[in-house]
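Residues per chain, in single letters:
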Amino acid sequence: MATVSFEGVRKDFGPTTVVHDFDLQVADGELVVLVGGSGSGKSTTLRMLAGLEDVSAGVVRIGGRDVTALPPRDRDVAMVFQDYALYPHLTARDNIALGLRLRKIPPAEIDRRVGWAADVLGLGALMDRKPKQLSGGQRQRVAMGRAMVREPAVFLFDEPLSNLDAQLRGQMRGEIARLQRRLGTTTLYVTHDQVEAMTLADRLVILDGGRVQQIGAPLQVYQRPANRFVAGFIGTPPMNFIEGALGPIAAGVGAWGIRPEDVTLVAAGTPDAVTAEVALVELLGAQAHLHLDAGQHRLIVVVPGGAAPGKGAVVHLHLDPARVHRFDAAGNAVPRAD
Amino acid sequence: MRRALLYALLAMAAATFIYPFLWMAATTFKPATEVGTLSLIPDHPTFENYRVMWSRARVGRALLNSLLVATVNTTAVLVFGSITAYALARLSFPGRGLLLGASLAALLVPGQLTLIPTYALMVQLGWVDTYAALIVPYLFNVTGILILRQFFLQVPRSLIDAARLDGMGELRIIFTVFWPLAGPPLAMVGLFVFMGSWNEVLWPLLVIREEGLMTLPQLLTVFRMGGAAGPGGLAVQLAAAMVLVVPVVVAYLFLQRWFIESMTGTGLKG
Amino acid sequence: MRAEARSGLLLAGPYAAFLLVFNVYTMLFAVALVFMDWDLVTPPRFAGVENVRLLAVDDRFWRAIGNTLFFLAMHLPVQIVVALALALALDRPLALRSFWRAAFFLPVVISGAVVTILWGAVYATDVGLLNTMLHRVGIAPVPWLTHPDVALPALAAMFTWRNVGFYVVIYLAGLQYVPRSCYEAISLEGATPWQRFRYVTLPSLKPQTILVVTLSTINAFQIFIEPYVMTGGGPLRRTLTVVLYMYRQAFSYQKMGYAATIGLALAVIIFIVLAVQRRLIGKAEES
């Protein structure tokens, strides 16, 4: 059983604590994404699981076993790095096989596994090339192959797609998701990109400043963010935060928020409609993002691409009170009564 | 027109640097009667000078000594230097900063200061007239370590992480991950250490008395000091010098860029 | 990392030990020797400041220092001018550029032992290269290495020949970093080539010049093999250098303590000279 658990894990660099009291239980076969901005502690946490960083306090377990003091090679984990970390002087094939050779796996078995990885990843023709002869996406797949053949208990991904261009990123995202489902290996995935996080995760762990903000399934985190940070981090375009009253929505203790897709355009004269002027239109094709000025408030609203008004137009908005997220003075979500 | 003048001046300058060597080479093939002439081609070329040189002093032996000492020194500096540079660049351990600071300080100390005490140390250890005296003080080269460290700092951390996850130990990482990448700096350091050792004359003069253990540059000076006078003697001394210098010049012809770069570290282009 | 710290200590340990012995210990030993009178055979005798006192009034030592300073005065300006001139000549698209550069650098890669023997032959009074050339044009042979007034300049000339190539390379590298735009700007103001040199090139090369001066000075104070082989420090001790003197004290007279004192004094003097040079260069910059 390749479960992973973090129990009260903390990481200090000298006087600064970069990861505070991290608790997480990962089920066997689950894909958990650690997401957050730079400096949120997500990579550090992953590296602590890998054994590449010491743990300042707490216990890390893999499959129930306490691995906190074990060196990386004894933890049965494999990692895919942001810059792929391929050995430049070895061919793709040798890169993938090296870890197995060092573990004295019999050559026949090595060949079998390497061949299998090459098939699954579509690397056949590229196996004898050196990294500098491969494109970014190809190198990434070689890095994944290297991790796969180890048949580890846990896969670790450290922002593997950050160095790829947008289109490739989307494609690789899908491949990683499919691969993980196929292999069923427990996976921890670190990224700063919330789209990646939302699409890949079975569960998300959102981090800020070294502290866990929320843990939950993507939909849950989206619909019921635990605090203002999560509410503003998850979702594109980001949630609108309003201080004070607007239309039928009363002011709250702190700001309240409403998602751009929860605000709709209505005809003039509709009761409780809010008037706003279009400051900017971002046409994305199927959708348009309207940047609006409503009095001293600014809002973003999502509308179907074909129905977008022009810049300077006056529009009328319907804000559904049931869709409003309220937060208290500390920024925590105030649970709604439904 | 100005171009032609420039080339003429350059040619004259270059001649000033090259001609003495050519003259030296030519002189070694001249009989005693012709020594002292300016011609670069002897009228009656002869190998007599070389024969006398070979019989008068143990040049072959000295050549071997030089080769042995230079090779061992270079290998030691590259191997131990890489290990040390890796530790200084990529491992964090107590006292690392101190060690680094001490290295920089060591570069500032003028050689003369420690010359006598180091010699005294050799005497106390009973290493005078041994290979140990020629090799041990040169096992680590501070400049080389700093150069290698600088290079190792640029190897991405993730490569080391991947290697650790693959199960490699530190020494393995140094020699199978860093070394394949470190061709140029290793060559640079290797070359200047080798040349330094090959050309070194002061230190062997201090610690080696026995002719059988002398290095070639040392033998040359000893030979010169006690050598025969007169034109014949001169040609014989030059013949000995040729043995030392010809391999270097030949290597230099093919590897000029490397020599210049390793000794000046200036990052030349073309 | 605990494991990492252990590995680090293990891997860096030998180097630390090496530095301790060959740098720290020897330096301390050097200072200790200053206060001793020792011939390496009989037990050392504590001598207090006797060595320092003797050194302060030692004619030969100060003569050696004087020789070196005189040597520097002759050698350094010529070195800088020649190196700079050659570097400027090479700093342009040129046929056989690498060849010229390699030619100038050739003496640098050669062992000091070979250089001394070669120039011993060049300067030899009877069949030496120079005198033979002079003879061709009807000039009497010059006692290059045997005349008290000529010997030191002769060594200086040889030293320049030996090292100039190194500084040509240094200056060449420096010239590649002079921004072309500065040249263009000053040309637009109607500057002559000399003015261009004086106001753009020369100031840009200041770091290189400092390097040339520093390294040449240190090298000059360290000269040993050339006088040792070619002149024995004579004639009339006009080519006696400090390291040669130190060597004699240690190996001809077995006076280790005194020799160490010379070494220490030399280090201090080099330091002072370098500091003075720094100051002078700073002043020259301001003016």
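Basis of the calculations
Residue numbers run consecutively from 1 along every chain, following the written order of its sequence. All chains are assigned letters beginning at A, and all ligands numbers beginning at 1, according to the order in which they are written. Restriction of local features to residues with pLDDT of at least 70 applies here, the model being predicted, together with a cutoff of 80 or more for giving and counting side-chain atom pairs; totals for whole chains, interfaces and linings are based on all residues. Where helices and strands are cited, they refer to DSSP runs of H or I of at least four residues and of E of at least two residues respectively, numbered from the N terminus. The burial label depends on the number of other C-beta atoms within 10 Å of a residue's C-beta. Counts of 20 or more mean buried, 12 or fewer mean exposed, and intermediate counts mean partly exposed, with C-beta atoms placed from the backbone. Whether two residues are in contact depends on their C-beta atoms, placed from the backbone: they are in contact if these lie within 7 Å. Side-chain classes are defined by residue name, with Ala, Val, Leu, Ile, Met, Phe, Trp, Tyr, Cys and Pro counting as nonpolar, Asp, Glu, Lys and Arg as charged, and the others, Gly among them, as polar. A pair of strands is labelled paired if DSSP reports no fewer than 2 bridges between them. Whenever a helix is involved, its axis is fitted only over the stretch in contact; in every case the axis is a line through C-alpha atoms, and angles between N-to-C directions fall within 0 to 180 degrees. We define a nonpolar core as a collection of buried residues of the types Ala, Val, Leu, Ile, Met, Phe, Trp, Tyr and Cys that are connected via C-beta atoms lying within 7 Å of each other. Each residue carries a pLDDT value, the predictor's own confidence for that position, ranging from 0 to 100.

Right, let's get into the overall build of chain A. When helices and strands are tallied, chain A shows eight helices and 19 strands. Oriented by its inertia axes, the alpha-carbon framework of chain A measures out at about 80 × 45 × 35 Å. Within chain A, the fraction of its 338 residues that count as buried is 38%.

This next bit is on helix α12 (residues 242-251) of chain C. Here α12 of chain C lies mainly inside the structure; eight of its 10 residues are buried. Among all positions in α12 of chain C, only V242, V243, L244, Y245, M246, Y247, Q249 and A250 of chain C are buried.

What follows is about the interface of chain B and chain C. Quoted interface sizes are often the accessible area lost when the parts come together. Of the residues lining the interface, 73 residues belong to chain B; the matching set on chain C comes to 67 residues. Looking at the side of chain B that touches chain C, the elements that each hand over two or more residues are α1 (2-28), α3 (59-90), α4 (96-108), α5 (111-125), α10 (183-199), α12 (216-226) and α13 (230-264) of chain B. In terms of residue count, the dominant contributor to the side of chain B that touches chain C is α13 of chain B (14 residues). A class-by-class count of the residues in the side of chain B that touches chain C yields 54 nonpolar, 16 polar and three charged.

With that settled, consider the sheet that holds strand β9 (residues 203-208) of chain A. Strand pairing within a sheet occurs via backbone hydrogen bonds; the two strands may be parallel or antiparallel. Residue and element names in this part refer to chain A. What the six strands build is an open sheet, ordered β6-β7-β8-β3-β9-β10; its pairing is mixed. The open sheet has two free edges, formed respectively by β6 (77-80) and β10 (211-216), since each of these has just one partner strand. Each adjacent strand pair in this sheet contributes to an overall mean axis angle of 20°, direction not counted. Both strand β3 (residues 31-36) and strand β8 (residues 186-191) contribute to a ladder of five bridges, which runs parallel. When the bridges of β8 are listed, L31 appears paired with T187. Running at roughly 180° to β6, helix α4 (residues 136-149) makes contact with β6 and β7 (154-158) of the sheet.

Turning next to the nonpolar core. By size, the foremost hydrophobic cluster in this structure holds 249 residues, and its most contacted members are V33, L156 and L188 of chain A, I116 and A241 of chain B together with V168 of chain C. Residue contributions to this core peak at 16 residues, all from helix α7 (residues 148-175) of chain C. Aside from chain neighbours lying at most four places away, what touches L188 of chain A is V4, V26, V32, L34, L46, L49, V154 and L156 of chain A.

This brings us to helix α8 (residues 157-166) of chain B. Within α8 of chain B, eight of the 10 residues are buried, which leaves the element mostly enclosed by the surrounding structure. Within the sequence span of α8 of chain B, burial applies to L159, I160, D161, A162, A163, R164, L165 and D166 of chain B. The inward-facing, buried residues of α8 of chain B contact α1 (42-50), β6 and α2 (92-102) of chain A together with α3 and α9 (170-181) of chain B. G167 of chain B occupies a position one or two residues after α8 of chain B and carries a positive phi of about 105°.

Residue and element names in this part refer to chain A. Here we have four strands laid out as an open sheet, ordered β2-β1-β4-β5, and antiparallel in their pairing. Looking at the sheet topology across the chains shown, the edges are occupied by β2 (16-26) and β5 (65-66). Relative to β2, strand β1 (residues 4-13) runs antiparallel, the two sharing seven bridges. Of the residues in β2, the one forming a bridge with D12 is T17.

Time to look at the confidence of the model for chain C. When pLDDT is averaged across chain C, the result is 86; 99% of the residues are at 70 or more. As scored by the predictor, the complex reaches a pTM of 0.82 and an ipTM of 0.86.

In this section: unusual backbone geometry. All names here are of chain A. At the junction of T236 and P237, the peptide bond is cis and its omega measures out at -5° in the coordinates. Position of P237 relative to the elements: it lies in the loop between α8 (228-233) and β11 (240-242). With a phi angle near 65°, D272 is a residue other than glycine that sits in the positive phi range. Checked against the element boundaries, D272 lands in the loop between β13 (263-266) and β14 (274-283). On the basis of neighbour counts, which here come to 14 C-beta atoms within 10 Å, the residue D272 falls in the partly exposed class.

So, about the environment of L220 of chain B. Position of L220 of chain B among the secondary structure elements: in helix α12. For the pair formed by L220 of chain B and L67 of chain B, sequence separation is 153 residues and the distance between their alpha carbons is 15 Å.

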